[in-house]
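So the chains spell out like this:
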Amino acid sequence: MNEPVRAGAAVKLESVEFSYGETSFTFDVAFVPGEITAVMGPSGSGKSTLLNLVAGFEMPQAGRVVIGRTDVTLEAPANRPVSMVFQENNLFSHLSVEDNVGLGCSPSFKLSTAERDAVGEALARTGLDGKQCRLPRELSGGERQRVALARVLVRDRPVLLLDEPFASLGPALRDGMLDLVANLQAERRMTVLFVTHQPEDARRIVKNMVFVENGAVAAAGPAEHFFNGGGPEAFRRYIGSENESRDVARKRT
Amino acid sequence: MARRDEQIVLPHPTGTPFSGWSEKGVPTNRFLGTLQPMHSTRTSDPRIHAGIIALAFVTLLIGGAFAGLIAEGARDMSGAYAAFDGYLARVARFTLWQAILSTLFSVLPALFVARALARHPRFFGRDLILQLFAVPLALPAIVAALGILALYGRAGYFAGFLSELGGGTWPGIYGLSGILVAHVFFNLPLAVRLFLEVLHAVPADQWRLASQLGMGARPAFRLIEWPVLRQALPGVAGLVFMLCITSFTIVLTLGGGPRATTLEVAIYQALRFDFDPARAVSLTLLQIGLTLVVVLVLARLGANTTGDANLQVAPRRYHSVGKGEALLNVTLIVLALAFVAGPMAATVAAGVQADLGRLVMEDAVRRAALTSMVLAFVSALLASVLSLALIMARRALALRRSGQGRTLLEHATDTGAGFVLVVPPIVIGAGWFVLLRHSSDVFALAPVMVAAVNAVMAMPFAIRALRPAYDAASERHERLCALLGISGWNRLKLIDWPPLRRPLATAFAFAMALSLGDLGVIALFGSDSVQTLPYLLLSRMGSYRTEDAAGLALILGAVCLVLMLAASRFGKEASA
């Protein structure tokens, strides 16, 4: 299942078509291997759907999803070389921190000694030392997302999908988490797709930008260009003027 | 600005690569794509298989009964046809008549009792009254029937008083009056609880507004309470009507002779005493037709036909109740309480007078108790497992379709269990009885039939206890499980079991209480070799060993009550 697509697997959606009820989406996009790409766009434009298609939670009605050199269109989510962190519900609430991370190694809790060590290491790496036995409800929102990132580390997949994972955290906490993600990415060279509404987030860690609008990728390119006013009109409208966007970023979503 | 735009290329619909790091995709195999690739990899969700097996079991149980009835009807067409006679018409008329009266006498007083309870959200013993009103839900019908006889019967506690009142000897309450009293005993508290739930759902703001506007009791009733009650009325009345029209045990034990017989009891008599399967087929068809009409009407009214054992606590309320109204409310509540608590108290009083020590040592009693416990256990286990399978399959199917219409299978897993409400246990039992009566020993099949039919009967209740918990857990965990590849047995054990443990215990205990007290299928299939406690109770009643019957009723009632308390305890902890 875990074919040797090592660090920096390219993620491509080739003429992927998908519809949910009345809404239909068409994606044709490729993501730079081994770098962080922000996926931005108005609510309901299809950002999360794009990620769900890559993760395999949604199946395209036409087109192909390719990761590395493999066509994964028909693969179940667990068989894709992908990890994902959601905004919430990343943890099983009745399992301890350690068990939640351990599930990243084996879906049946049967861990080898090496895997056990890897879990401990990942917890240390994400700043969760000494919290192995806590239950998710005994953790703060930021700590819970750290557990999810620790599991990403033990799963060690070349692609990481982040679906607004820090949207409900305060600004300072969010910056800390963003830096953690940036460090982990630099270390593992994962291809990261990062859905966010916050231009600050994107500015802080992102190299590339994919702008989604009305169920399709409207524009893509280096993030710098977008933030220097090089993005399409719709993108500028979406993030608003510079001052406004700072304001928006302070608001908790 | 415009010059920078050159670097941004629209990848779709032009399909041009953007910003240098994308390459043109390989031509897509559109044909393959439109073939809905998901079916090649995802049909293997074990939850769906489990649901299909559960559906097959329910279908086999109900289908087998129908097969028996149809085969018999075809074999003896003239006999079945001839059975549509004056007797049948009389029985059908009485079935409807007693159900209409029972519904009226249960639902109308319930409106006012519920309102009285809602107007006084805080008084000593209120919670106790509400809990007492939940008891009939789990109390076996035969126990209640005995309690009512012990109170109002010819030799009951009230007989002397009632004789003086009426002048002459009190004739007892067999017949229509007995049936009505028993049905009201069961359904008045149920209706009160349902109405109370509706009244509690009125937003507190409305009450705040009412008290600010100085609304008295009358305008508050007209403008706030009556509109919500009127909305709930058809559903509640329909549910009660349905329960009364399919009532078997009450009519069997309290109905008197051919003048007070319902279709279900007539089916039982046709099979057990008259050995007239052709008549049983006609009666059964009529009964199914009748319940089908009622259920269809109920569905149109949007009624929930399963009831609920749990009731939320009273919200804060802003009432000012006048003295006159308070007096009226207290009177109503005390009367309803006396009516509901009376037979329960009589059951206990009569039960302790019995020689319980001897009864417990008796071989027949011990065997019946053991049989009852084992059958109820198996039945509850089966009900829980089947319900869970259906719930899981329904959820899995709902997740799989994205925005499209529901498939037939999903409909079946959703409402399939509800069909058992259309087909009463006696009807299923009768069908299988007719089908199997030529086999060597139909009575030897009693345990299988009792466990299976009771399990399916308890399913609507079990599903109500389980589904919210499972759907909520799945909502949280579904994508995570898919991502981490946790499925099948692993998922059940590690992920689903912990949040389901308590709701499962609720469903199990409730199903066990229902099965334990049931006198339906066992009345048809029971024999000297296979007896349950209710069956033994019935035969002791039949042989006028009233004291024994009272003692057994106390034991049976107590066990069911304990189970129901356990069920509601688990339920509360689960929602906490």
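Rules used in this analysis
Residues numbered from 1 in each chain as written. Chains lettered and ligands numbered in written order. Predicted model: local features only at pLDDT ≥ 70, side-chain atom pairs only at ≥ 80, totals over all residues. Heavy atoms only, no water. Axes fitted to C-alpha atoms, helices over the stretch in contact; angles between N-to-C directions. Helix = DSSP H or I, 4+ residues; strand = E, 2+ residues; numbered from the N terminus. Parallel < 35°, antiparallel > 145°, perpendicular 65-115°, else oblique. Left-handed = near helix turned anticlockwise from the far one by under 90°. Contact = heavy atoms within 4.5 Å. Nonpolar A, V, L, I, M, F, W, Y, C, P; charged D, E, K, R; others polar. Buried < 20%, exposed > 50% of the residue type's maximum accessible area, 1.4 Å probe, protein only. pLDDT = per-residue confidence, 0-100. Phe/Tyr/Trp six-rings, centres within 6.5 Å; stacked < 30°, edge-to-face > 60°. Expected span 1.5 Å × (residues − 1). Bend = angle between axes of the 7 residues up to and from the residue. Arc of directions from axis to C-beta.

**Brief notes about the packing of helix H3 (residues 113–125) of chain A against helix H4 (residues 141–155) of chain A**
All names here are of chain A.
Stage number 1. Orientation of H3 relative to H4, taken along the N-to-C sense of each, is 135°, at an axis distance of 9 Å. Judged by the inter-axis angle, H3 sits oblique to H4. Crossing of H3 over H4 shows right-handed handedness. Where H3 abuts H4, its residues Ala 118, Val 119, Ala 122, Leu 123 and Arg 125 lie against Ala 150, Leu 153 and Val 154.
Stage number 2. Classifying every residue of the contact of H3 with H4 by side-chain character gives seven nonpolar, no polar and one charged.

**Considering unusual backbone geometry**
All names here are of chain A.
Stage number 1. Even without being glycine, Arg 189 reaches a positive phi, approximately 55°.
Stage number 2. Within the secondary structure layout, Arg 189 lies in the loop between helix H5 (171–188) and strand E8 (191–195).
Stage number 3. For Arg 189, a relative accessible area of 42% corresponds to the partly exposed category.
Stage number 4. One non-glycine residue with positive phi stands out, namely Asn 214, at about 50°.
Stage number 5. Here Asn 214 is to be found in the loop between strand E9 (208–213) and strand E10 (216–222).
Stage number 6. Asn 214 sits in the exposed class, given a relative accessible area of 70%.

**Regarding the confidence of the model for chain B**
Residues and elements named next belong to chain B.
Stage number 1. On average, chain B scores 79 in pLDDT, and the residues at 70 or more come to 86%.
Stage number 2. In this model, residues 1–43 is a region of pLDDT below 50 whose contacts with residues beyond four sequence positions or in other chains number 78 contacts.
Stage number 3. Segment residues 305–315: pLDDT under 50, and 29 contacts once partners within four positions in sequence are set aside and those in other chains are kept.
Stage number 4. Model confidence for the complex is summarised by a pTM of 0.77, with the ipTM given as 0.76.

**Observations concerning the packing of aromatic side chains**
Stage number 1. Under the defined criterion, the tally for this structure stands at 16 aromatic pairs over all chains.
Stage number 2. Between the aromatic rings of A:Phe57 and A:Phe86, the centroid separation amounts to 6.0 Å while the plane-to-plane angle is 50°, which identifies the pairing as tilted. Here A:Phe57 is found in the loop between helix H1 (47–55) and strand E4 (62–67), whereas its partner A:Phe86 is found in the loop between strand E6 (82–85) and helix H2 (97–102), with 29 residues between them in sequence.
Stage number 3. Among the residues examined, A:Phe86 registers a relative accessible area of 3% and is labelled buried.
Stage number 4. Between B:Tyr268 and B:Phe273 the ring centres are 5.7 Å apart and the planes differ by 90°, which places this aromatic pair in the edge-to-face class.
Stage number 5. For B:Tyr268, a relative accessible area of 8% translates into the label buried.

**Considering helix H21 (residues 488–516) of chain B**
In an α-helix, one full turn covers 3.6 residues, which means residues spaced three or four apart are oriented alike.
Stage number 1. Taking 1.5 Å as the rise per residue, H21(B) with 29 residues should run 42 Å; its terminal C-alpha atoms sit only 33 Å apart, a clear shortfall.
Stage number 2. Its maximal kink placed at B:Trp497, H21(B) deviates by approximately 70°, while the proline B:Pro498 follows within four residues.

**Thoughts on helix H8 (residues 159–166) of chain B**
Residues and elements named next belong to chain B.
Stage number 1. Within H8 the residues assigned to the buried category are Ala 159, Leu 162 and Ser 163. Seen along its axis, H8 keeps its buried residues to an arc of 105°; they face one direction. Those residues of H8 that are exposed and angled more than 90 degrees off the buried face are Phe 161, Glu 164 and Leu 165.
Stage number 2. Looking at the buried side of H8, the elements it contacts are helix H7 (141–152).

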